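So the chains spell out like this:
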Amino acid sequence: MELVSRPHVDNFIEWSRSRPEVLVLSADLTNSCEVGAWRDTFPERFVTAGMAEQNMLGVAAGLAREGFVPFVHTFAVFIYRRAYDQLAMSIAYPNLKVRLVGFLPGIVTPGGVTHQAIEDIAIMRATPNMTVVETGDATEVESVLDAIEHVDGPVYVRMLRGEIPRLFPVDEPMQLGQSRLLSEGDDVTVITAGIATEEAMRAATALSAAGVGVTHVHVNTHKPFGDEILDDAIRRARHGVITLENHVVTGGLGSAVSEYVTDRGIGTRVMRLGLIDTYAHGASKPYLMHEYGLDALALTRAVETLTNTTLGIDQSDLAEIRLDAVHSAAKAEAL
Amino acid sequence: MTTIPQGDRRISAETNDLSRLEAIASRIRNRVFEHVLANDGGYLSQAMSSADIFAALYGTVLKLGPVTGDTLPGDFSGVPGPANPHYRSGGRFNGERSAEGDVFLFSPAHYALVLYAALIEVGRLDSAALGEFNVDGSTMEMIGAEHSPGVETTTGSLAQALSQACGIALARKMRAESGRTWVFMSDGEFQEGQTWEALAFASFHGLSGLRAVVDANGQQCDGPMVDVCNVEPLKQRIEAFGCRAVEVDGHDIAALVSAMNDPVEVPLVVVARTNPAHTLPVSKEHAPGHYLRFKSPDERARYEAFYTDRMVTI
C-alpha cells in the first residue's frame, strides 16, 4: 500500500490557483494544518486570525457574504467545540459558503482529549444546512475540494494530514454522497468511514479467508446520508450490519446507519463500534485504536458475535495482511 | 472624570439640520412608547437610550441606497437554506449595496422595535408594519432576525455582529471599496470575549472602514452593568486594543454625528453615553429595566400618564 506524504499541501495550492475567491483563515495552526506553503504562495489571500476562533468564524461569515469562499483551517475541536454558537448562528443559519476544514479527527493524535475530535460528526450532522464529509485516504484528501465545490452552503470536512495511505485509486475521486463498495459478501455488512476503513479492509481480508462473506462499504458523506450502494449493502446482510468509526457511537456513522434502518423499517441488527460514551487520552493511534476497540481485531470479534461463530483470527493474522488500493466494486459493475 | 466633547451646534447644511434629526429621535421614542403601552410591556429603555443614535445613523450618517422592493415587511418566508428559494433578507431595507455606500449591521437584536421605528421615520418601512410586531408569521419579530426589516445578520446571540462586520470590512478593503461598515452595538456586548477578539482583529488588520457605535446605557438584564460585571473604562480598554474610541453624550445628536464622521484611519468605536430613562420623568436609577413589565395597574397608569404628558408637550 502506498503512503502519501502531506497530499493536501500541493493539491490545495494547485486547486486554488484558478480560484481567486478562495481564502484561507487560520488560528495559529497554519503549518499544523498543512497550509504554510499555501500562505507563502498566496499571502494576499491568507487571513491570520490568531487564537480567536469565535471571531474567526464570524470573519469567515462576513467574507462569505461578500462573495469570497473562506477555507477555515484549524483543529476540528476548535471549530465545533470552542465556537459552536458562532458556527451555528453566523455561518450555518444563513447557509453561507464557508469551508470548515477540521484536522485531528478522533484518536489520530496523541494530543489527548483537548485535541481529539470525537463528537464532531454528531454535532455537525445535527446542525441544519451543514454538509458533512470525511476523508478516508490520500485520494479523498486530494479530491474532496472538487467533491464539495458546488455545495452552496457550509461544509465541514473531517480532514487527514501527514502520512496518509492511498486506499482508493487516483482515478476514482471522492464524489459527494457516493459510498464506495470495497468488498461483497452476504453474511455481514461492514460500514466504515475515515481511518476506520483501512482497519476494516484488513479485517475483511481475514474474514473472507475464514469463509465469512463480508460486504464492506466506505462512507465519505455523513450528511446528506444514504445512497444506493449503502441501501443494497444494508439489505443484503444475512446476520446484520457492523459500523466502525473513529468517533463516539452516539450521533456519528453508527447512528446514521441506525436511523437509516429504522426510518425504512429494515429488519436488521446494527452493531456500532467506536468510542462508547467515553473521552480518550493522549497516546499513539494504534494503541488507542486497540484500547477503544476501533481496530481490525475488534471488528472480527464483532463479526463473531453477530454470526455466533468462533473464527480464530488473532492480531498476528491481521498484522500480516498487505493492503493494495482497491477499485470500487460498484464502479466496476456499473461499467 | 471623562470629558464628553460637545457637538458642533452649527451642524452644517451637508449633514442636515439638527432639528429634523431631533424630531426623528423624538418620534422613534413615541412610537416605541405607544407600542409598549399597547402590548403591556416591552423594550422601552432601549428606545429611550438609543433613539438619538438611530436618528443620527439613519437620518444623516449612513450612506444607504434606496430600499429594494416595497416598504412592507412581508410575511415570514422560511429560514435560509438549500430548500428555500423564497428566502428574503431584511437587509433589503438598508438598500442596494454599492462600493461607495455603507453597510449597516444591527447587533443587539432585542433593540428591534427601535430599529423598526427608525426605519419608519426615515421612510424605509411602512408605518403599518408595527401592527405586525411580534405577530405569529410576521417578519417583525420581537428579537430581530435576518428576515426582519433592517437586519441582515443573525445577532440575537450577542457580540457576533462585530466579527461579521470585520469579515465584511476586510473583504471591502481587499476590493479597495471606499464605503464604510457600521455596527450598532450595546455596551453589554463588551462582556463577551468575542468582542475583544474582534477589536484585536480589526486593529491588527487595519480595518479603517469599520465603525461601531455603542449605546452605552450601563444597563443589562440583571441590572446596572457596574453591579453585574463592570466593563469600564470602555474608552481606555478599546484604545488599548489599538482602535480609536470617541466618547460622546449619546443624547447630543450633533456630537454623535461629528463623532461618527471622525476621519480617523483606524477602526472607530463611538461610545455613546446614554440614559435609559432619557426623556422620561424618572431618574436614571429608576429607569425601566431591560424589559419593562408593568408590575401593577398603578405602574401602568404612571407610564400612561408619562406618555400622555409627552404627547401634550409635543
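Residues numbered from 1 in each chain as written. Chains lettered and ligands numbered in written order. Predicted model: local features only at pLDDT ≥ 70, side-chain atom pairs only at ≥ 80, totals over all residues.

Engineer: Sorry, what's going on with the pairing of strand β6 (residues 244-249) of chain B here?
Structural biologist: A regular strand places its side chains on the two faces of the sheet in alternate fashion. In terms of strand pairing, β6(B) meets strand β7 (residues 268-273) of chain B through 6 bridges, oriented parallel. Following the sheet pairing, B:E247 is matched in β7(B) by B:V271. (Pairing = 2+ DSSP bridges. Helix = DSSP H or I, 4+ residues; strand = E, 2+ residues; numbered from the N terminus.)

Engineer: Whenever I open this one, the environment of B:E22 confuses me. Can you help?
Structural biologist: Along the chain, B:E22 falls in helix α1 (residues 18-38). Each C-alpha atom of the pair B:E22 and B:I253 lies 7.2 Å from the other, and the pair is 231 residues apart in sequence.

Engineer: Just checking my understanding: could you explain the interface of chain A and chain B for this structure?
Structural biologist: In many analyses, interface size is given as the accessible surface area lost on bringing the parts together. Counting residues at the interface gives 26 residues for chain A, matched by 21 residues for chain B. Breaking the side of chain A that touches chain B down by element, the ones donating at least two residues are α3 (53-65) and α5 (84-92) of chain A. Element by element, the count of residues in the side of chain A that touches chain B is highest for α3(A), at 9 residues. Classifying every residue of the side of chain A that touches chain B by side-chain character gives 12 nonpolar, 10 polar and 4 charged. (Contact = placed C-beta atoms within 7 Å. Nonpolar A, V, L, I, M, F, W, Y, C, P; charged D, E, K, R; others polar.)

Engineer: Mind showing me how you'd approach the domain arrangement of chain A here?
Structural biologist: Residue and element names in this part refer to chain A. Domains assigned within chain A are domain 1 (3-165) and domain 2 (180-320). On a C-alpha basis, the centres of domain 1 and domain 2 stand 27 Å from each other. With 25 residues of domain 1 at the interface, the matching set in domain 2 holds 28 residues. Those elements that provide at least two residues to the side of domain 1 that touches domain 2 are α6 (120-125) and β6 (131-134). With 4 residues, β6 is the single largest residue contributor to the side of domain 1 that touches domain 2. (Domains from an automatic or database assignment.)

Engineer: Mind showing me how you'd approach unusual backbone geometry here?
Structural biologist: Working note: non-glycine residues mostly have negative phi, and peptide bonds are mostly trans. Along the chain, A:K223 connects to A:P224 via a cis peptide bond; the corresponding omega equals 0°. Inspection of the secondary structure puts A:P224 in the loop between β12 (221-223) and α9 (228-236). With omega at 0°, the peptide bond leading from B:E232 into B:P233 counts as cis. In this structure, B:P233 sits in the loop between α6 (225-228) and α7 (234-240). Phi angles above zero are rare outside glycine, and A:N129 is one such case at about 75°. Structurally, A:N129 is set in the loop between α6 and β6. The phi dihedral of A:N308 is positive, around 55°, even though this residue is not glycine. Within the secondary structure layout, A:N308 lies in the loop between α12 (296-307) and α13 (315-319).

Engineer: Any chance you could explain the sheet that holds β12(A) here in plain terms?
Structural biologist: Backbone hydrogen bonds are what pair the strands of a sheet, in a parallel or an antiparallel way. Residue and element names in this part refer to chain A. Overall, mixed pairing links the 7 strands, which are arranged β3-β2-β4-β5-β7-β6-β12 in an open sheet. Strands at the two margins of the open sheet, each flanked by one partner only, are β3 (46-48) and β12. The sheet shows a mean angle of 20° between the axes of neighbouring strands, taken without regard to direction. Sheet topology note: the strand β5 (residues 99-103)/strand β7 (residues 155-158) ladder contains 4 bridges and is parallel. Bridge pairing links R99 to V155 in β7. (Axes fitted to C-alpha atoms, helices over the stretch in contact; angles between N-to-C directions.)

Engineer: Is there a simple way to explain helix α10 (residues 253-264) of chain A in this structure?
Structural biologist: Residues separated by three or four positions in an α-helix point in the same direction, a consequence of the helix having 3.6 residues per turn. Residues and elements named next belong to chain A. The end-to-end C-alpha distance of α10, which contains 12 residues, comes to 17 Å, matching closely the 16 Å that a straight helix rising 1.5 Å per residue would cover. Those residues of α10 that fall on the buried side of the exposure criterion are L253, G254, S255, A256 and V257. Contact partners of the buried residues in α10: α6, β10 (188-193), β11 (214-219), β12, β13 (240-248) and β14 (270-275). Of the residues flanking the end of α10, it is G265, one or two places downstream, whose phi is positive at about 65°. (Expected span 1.5 Å × (residues − 1). Buried ≥ 20, exposed ≤ 12 C-beta atoms within 10 Å, placed from the backbone.)

Engineer: Just checking my understanding: could you explain the sheet that holds β10(A) for this structure?
Structural biologist: All names here are of chain A. Spatial strand order, β9-β11-β10-β13-β14: 5 strands in an open sheet with mixed pairing. The open sheet has two edge strands, β9 (180-183) and β14, and neither has a second partner. Neighbouring strand axes in the sheet, compared pairwise and without regard to direction, differ in orientation by 20° on average. As defined by bridge partners, β10 adjoins β11 across 6 bridges and the pair is classed as parallel. Considered in β11, the bridge of T189 is made with T215. Across the sheet, α9 is in contact with β9, β10, β11 and β13; its angle to β11 comes to roughly 150°.

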